[in-house]
Amino acid sequence: MEDRFRYRALTAVAIAVLIYAGTLLAPPHLMDDVDAVQAQIARTMLESGDWVTARLNGVAYLEKSPLKYWMMAVSFAVFGVSDWAARLPVVLSILALVWLVARMGQWAFGEKAGFYAGLALGSSVGLFLFTRILIPDVILTGTIALALWAMLRALDEDEAHPRAWAAVMAVSMGTGLLLKGLIALVFPLAAGGLWLLLTSQLFVRRTWQRLRPFSGAALILLVAAPWHVLATLRNPPYLDFSMESGPGQYRGFFWFYFFNEHILRFLDRRWPRDYNTVPRHLFWLFHLLWFFPWSAYFPRLAKLSYRGQDRAARMRLLCLCWAGFILVFFTFSTTQEYYSMPAYPALALLLGCAMAEGSGWIRAAHRVVAVIAALALGAVVFILASVWHLAAPGDISSALTQNPELYTLSLGHMGDLTLRSFAYLKLPLALAGLAFAAGAFAAARLRGHAAFLGLALMMVLFLNAARVAMIAFDPYLGSHALAVALRDAPRGRVIVDNQYYAFSSVFFYADLKQALLLNGRVNNLEYGSYAPGAPQVFIDDVDFARLWAAPERTYLLVEKPAVARIEALVAQGSLHLVKESGGKFLFVNQAP
């Protein structure tokens, strides 16, 4: 029986491999903004030997925990510095999470439900979308899921090793602290505490004897405290408890990390306010998209039994507490769509349980999915027919609009699409059409296990189509071509217009250690720029005009909307184009 469980769990992982193996490859290359930033921090740690303080462009970057950087740095040390090596820890974490959820479901609900839980998670839109950038949320999600499963295992009277599972719970939370801060403790403790309260175990002595909170706290500190202490000591002042935040102030790591990044961000009083928040109704409703097509089975979750002393009922109630707390927590905080990822395993486990029942609700949901897939297929056919004979010169940026007000949303760049832009997306459109055709057939004509596998096939095809589409967007979302041009050009001083994030992939691919930032003392690097000894890498328009007119060869990276402003600052004819790609330019102040 145990061997069969492992086989089913590995089958769910194998399906996820069909989706995620290709995401290691480039193109698409690392994107500008957060994606390349994470990889560059890891590279700097490896090359500098400073594994405590993250730095960008020489400036202390104190807002994030380090484990994700350590994982990438180790990957670089083993495989060399590359984009695929940067992506490897995230991909492996995805596969590990799918396996973990499948095993949790098998332990609680049985073989089929565990497989379906892993299948739903591994082929979900949200997991794919929010792991296209190198953020640690999928790894954090794994630590939270493992901690909560470990709690159930430690409290299970049939468990032969409750002490070991209590230790696993503590180590998981300690590891999570090194990934994304205090929420790694808050989420499992709150969800687990709520579950203990609802099951009348919170004030039972036997509960705490099995969970071993004192030895657990010691393990958490053993895992997480050393880095926090070192980061505090290396980035004084040490203990500042101010609840005020504003420009021009530097209070060290302790205040910035614990107060500014955790408390003041939750209260929407953090400085700098380099983030937006998603409207609350969209934050909730988008989960229908993030779990498509499996979200069609969400209504069935209301009919599941959450009461009882059996293992399945206990897990279902825990999943309800788990997902519910996280979703409500971010309803009252600043939030982005991907913030709810730690709730995905709970939702997937409940979905797996519902799918395994095979009730009339599931058959009705199949009809809904069949209609949606058929409509999507019709839309794809219409668009393909409209653009089939259109030429696609240059890159896709020439056919896109810009709608910065939409970029708060993860799919905000979808608003940049025009009908002409789909001429650059014919291949991914055809793959998406094939996916929707397979999904419509599976949902309408197949039943039971075959239908679920057919829908999984739809998602394998569709998400691979999405990856192919990202190749077309590569010049628009990243700056790899400019990095190659800069790397191959004669050496010179480099100036980046705007903030570091605007051209972060250039730093990674051109192995650019430091550049001057024109009007770039904003957002993520602003706080570190006020630290004692911070490098003087920020310049204004007057500085730029002087440097551009100097004899030293100087390069400028600038986005198209800012070119007119730059032209007004320098002598006519002094902007010599080196490379243009994706609506971004590399200029030099000397004629080639």
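Here the residue numbering is sequential within each chain, running from 1 through the sequence in written order. The predicted nature of this model means local features are confined to residues of pLDDT at least 70 and side-chain atom pairs, given and counted, to a pLDDT of 80 or more, with totals for whole chains, interfaces and linings taken over all residues. Remark: hydrogens and water are excluded; side-chain values derive from all non-hydrogen atoms of the structure.

### Focus on the overall build of the chain
Selection criterion: Segments assigned H or I by DSSP are reported as helices when at least four residues long, segments assigned E as strands when at least two residues long, and all are numbered from the N terminus. Our radius of gyration is a C-alpha quantity, and the globule rule it is checked against amounts to 2.2 Å times the number of residues to the power 0.38. Three exposure classes are used, based on accessible area relative to the maximum for each residue type with a 1.4 Å probe and protein chains only: buried under 20%, partly exposed in between, and exposed over 50%. Here a residue-residue contact requires only that any non-hydrogen atoms of the pair lie within 4.5 Å. Only four residue types enter the charge count, namely Lys and Arg as positive and Asp and Glu as negative; His and the chain termini do not. Where a charge sits is defined by one atom per residue type, namely NZ (Lys), CZ (Arg), CG (Asp) or CD (Glu).
Helix and strand counts for the chain come out as 25 helices and 8 strands. A compact globule built from 592 residues would reach a C-alpha radius of gyration of about 25 Å, and the chain, at 25 Å, matches this within 12%. A principal-axis box enclosing the C-alpha atoms of the chain has dimensions of 80 × 65 × 40 Å. For the chain, the proportion of its 592 residues judged to be buried stands at 58%. Taking the contacts inside the chain whose residues are at least 6 apart along the sequence as the reference set, 73% of them involve residues at least 24 apart. The distance from the centre of the 49 positive side-chain charges to the centre of the 38 negative ones in the chain is 9 Å.

### Considering the pairing of strand E8 (residues 584-588)
Rules: When DSSP finds two or more bridges between two strands, those strands count as paired.
Summarising burial for E8: 5 of the 5 residues are buried, a large majority. On E8, burial covers both faces: Lys 584, Leu 586 and Val 588 on one face and Phe 585 and Phe 587 on the other are all buried. Direction of pairing for strand E6 (residues 554-559) relative to E8: antiparallel, over a ladder of 5 bridges. Its bridge partner lying in E8, Leu 557 is registered against Leu 586. One ladder, built from 5 bridges, connects strand E7 (residues 576-581) with E8; its direction is antiparallel. Looking at E8, one finds that Lys 579 is bridged to Leu 586. Here E7 hands over to E8 after 2 residues, with Gly 582 in that stretch at a positive phi of 65°.

### Details of the environment of Met 31
With respect to the helices and strands, Met 31 occurs in the loop between helix H1 (2-20) and helix H2 (34-48). Assessed through its relative accessible area of 14%, Met 31 is described here as buried. Each C-alpha atom of the pair Met 31 and Ser 504 lies 7.8 Å from the other, and the pair is 473 residues apart in sequence. In contact with Met 31, not counting residues within four places along its chain, are Ala 36, Arg 132, Ile 133, Met 470, Leu 477, Gly 478, Ser 504 and Ser 505.

### Some points on the pattern of salt bridges
Heads up, the rule is: Salt bridges, as used here, are contacts in which a Lys or Arg side-chain nitrogen is within 4 Å of a carboxyl oxygen on Asp or Glu.
Using the criterion set out here, one finds 24 salt bridges in the structure. The partner of Lys 584 in a salt bridge is Asp 32, and the shortest N-O contact between them spans 3.4 Å. With Lys 584 in strand E8 and Asp 32 in the loop between H1 and H2, this residue pair connects regions lying 552 residues apart in the sequence. Note on Asp 32: relative accessible area 10%, which makes it buried. A salt bridge links Arg 43 to Glu 47, with the nearest nitrogen and oxygen atoms 3.4 Å apart. Separated by 4 residues within a single helix, Arg 43 and Glu 47 lie in helix H2, roughly one turn from each other. Given the relative accessible area of 10%, Arg 43 is considered buried. Using a relative accessible area of 46% as the deciding quantity, one classes Glu 47 as partly exposed.

### Details of helix H18 (residues 360-387)
Because an α-helix packs 3.6 residues into every turn, residues spaced three or four apart end up facing the same way. Applicable threshold: What a helix is expected to span follows from its residue count: subtract one and scale by 1.5 Å.
Taking 1.5 Å of rise per residue, 28 residues should cover 40 Å, and H18 covers 41 Å from first to last C-alpha, within 8% of that figure. Among all positions in H18, only Ile 362, Ala 365, His 366, Val 369, Ala 370, Ala 373, Ala 376, Val 380, Ile 383, Leu 384 and Val 387 are buried. Tucked inside the fold, the buried residues of H18 contact helix H17 (344-357), helix H19 (426-445) and helix H20 (448-477).

### Brief notes about helix H11 (residues 213-234)
We count it as follows: At any given residue, the bend is defined as the angle formed between two axes, one fitted to the seven residues that end at that position and one fitted to the seven that begin there.
Helix length check: H11 (22 residues) gives 31 Å between terminal C-alpha atoms against 32 Å at 1.5 Å per residue, within 8%. Of all bends in H11, the biggest is about 45°, found at Ala 224, and the proline Pro 226 comes one to four residues later. The inward-facing, buried residues of H11 abut helix H3 (67-79), helix H8 (162-180), helix H9 (183-198) and helix H12 (252-266).

### Quick notes on the side chain of Ser 82
Note the following rule: Whenever two N or O atoms come within 3.5 Å, that pair is a polar contact, provided that in protein one can donate a hydrogen and the other can accept it, and provided that, for residues adjacent in sequence, both atoms are side-chain atoms.
Mapping Ser 82 onto the fold places it in the loop between H3 and helix H4 (83-108). The class of Ser 82 is buried, set by a relative accessible area of 16%. Within the structure, Ser 82 has its side chain in polar contact with the backbone nitrogen of Ala 85 (distance 3.2 Å).

### A closer look at the packing of aromatic side chains
Pairs of aromatic rings are described using the distance from one ring centre to the other and the angle between the two planes. This is how it is decided: Note on aromatic contacts: the rings of Phe and Tyr and the six-membered ring of Trp form a pair at centre separations within 6.5 Å, being stacked when their planes are under 30 degrees apart, edge-to-face when over 60 apart, and tilted otherwise. Criterion for a charge above a ring: Lys NZ or Arg CZ within 6 Å of the ring centre, and within 35 degrees of the ring normal.
This model, assessed by the stated rule, comprises 40 aromatic pairs. Between the aromatic rings of Phe 79 and Trp 84, the centroid separation amounts to 5.2 Å while the plane-to-plane angle is 50°, which identifies the pairing as tilted. By relative accessible area, which is 45% here, Phe 79 ends up partly exposed. You can call Trp 84 partly exposed: its relative accessible area is 34%. An aromatic cluster is built from Phe 130, Phe 187, Phe 266, Phe 286, Trp 290, Phe 325, Phe 329, Phe 330, Tyr 338 and Tyr 339, whose rings are joined through pairwise contacts. One Lys or Arg, Arg 8, reaches over the ring of Phe 115 and ends 5.4 Å from the middle of that ring. The cationic tip of Lys 68 hangs over the ring face of Tyr 69; the distance from NZ or CZ to the ring centre is 4.3 Å.

### Side note on the nonpolar core
Applied cut-off: In these notes, a set of buried Ala, Val, Leu, Ile, Met, Phe, Trp, Tyr and Cys residues joined through side-chain atoms within 4.5 Å is what counts as a nonpolar core.
One finds Trp 195, Trp 294, Tyr 297, Met 315, Trp 322 and Leu 349 to be the most contacted residues of the largest nonpolar core, which totals 197 residues. Looking at this core, the element that brings in the most residues is H4, giving 14 residues. Not counting residues within four places of it along the chain, the set of residues in contact with Leu 349 comprises Val 101, Met 104, Gly 105, Phe 109, Ala 117, Met 315, Cys 319 and Trp 322.

### Details of the sheet that holds E8
In space, the 6 strands of this open sheet follow the order E5-E4-E3-E6-E8-E7, with mixed pairing throughout. Of all the strands in the sheet, just strand E5 (538-539) and E7 have a single pairing partner and so form its edges. Looking at chain direction, strand E3 (residues 493-497) and strand E4 (residues 516-518) are connected through 3 bridges and run parallel. Paired with Asp 497 across the two strands is Leu 518, which belongs to E4.

### Focus: a positive patch on the surface
Basically, it comes down to this: Only residues above 30% relative accessible area that lack a salt bridge enter a patch, with like-charged residues linked at up to 9 Å and the nonpolar side chains Val, Leu, Ile, Met, Phe, Trp and Tyr linked at up to 5 Å. Computed with a 1.4 Å probe, the accessible areas rest on the Shrake-Rupley method; for each residue, only the protein chains presented here act as cover.
Residues Arg 363, Arg 367, Arg 445 and Arg 447 make up a contiguous surface patch of positive charge. Secondary-structure assignment places Arg 363 in helix H18. Using a relative accessible area of 42% as the deciding quantity, one classes Arg 363 as partly exposed.

### Observations regarding the packing of helix H7 (residues 137-155) against helix H16 (residues 311-331)
So the rule is basically this: Convention adopted: a line fitted to C-alpha atoms gives each axis, helices being fitted over their contacting stretch, and angles between N-to-C directions are expressed from 0 to 180 degrees. Each helix crossing is assigned a hand: it is left-handed if the near helix lies turned anticlockwise from the far helix by less than a right angle, otherwise right-handed if that turn is clockwise. Side-chain classes are defined by residue name, with Ala, Val, Leu, Ile, Met, Phe, Trp, Tyr, Cys and Pro counting as nonpolar, Asp, Glu, Lys and Arg as charged, and the others, Gly among them, as polar.
One way to put it is that H7 packs onto H16 with a least axis distance of 11 Å and a crossing angle of 140°. In terms of crossing hand, the pair formed by H7 and H16 is right-handed. Of the residues in H16, those in contact with Ile 144, Ala 145, Leu 148, Trp 149, Met 151 and Leu 152 of H7 are Met 315, Leu 318 and Trp 322. A breakdown of the residues in the contact of H7 with H16 according to their chemical character gives 9 nonpolar, no polar and no charged.

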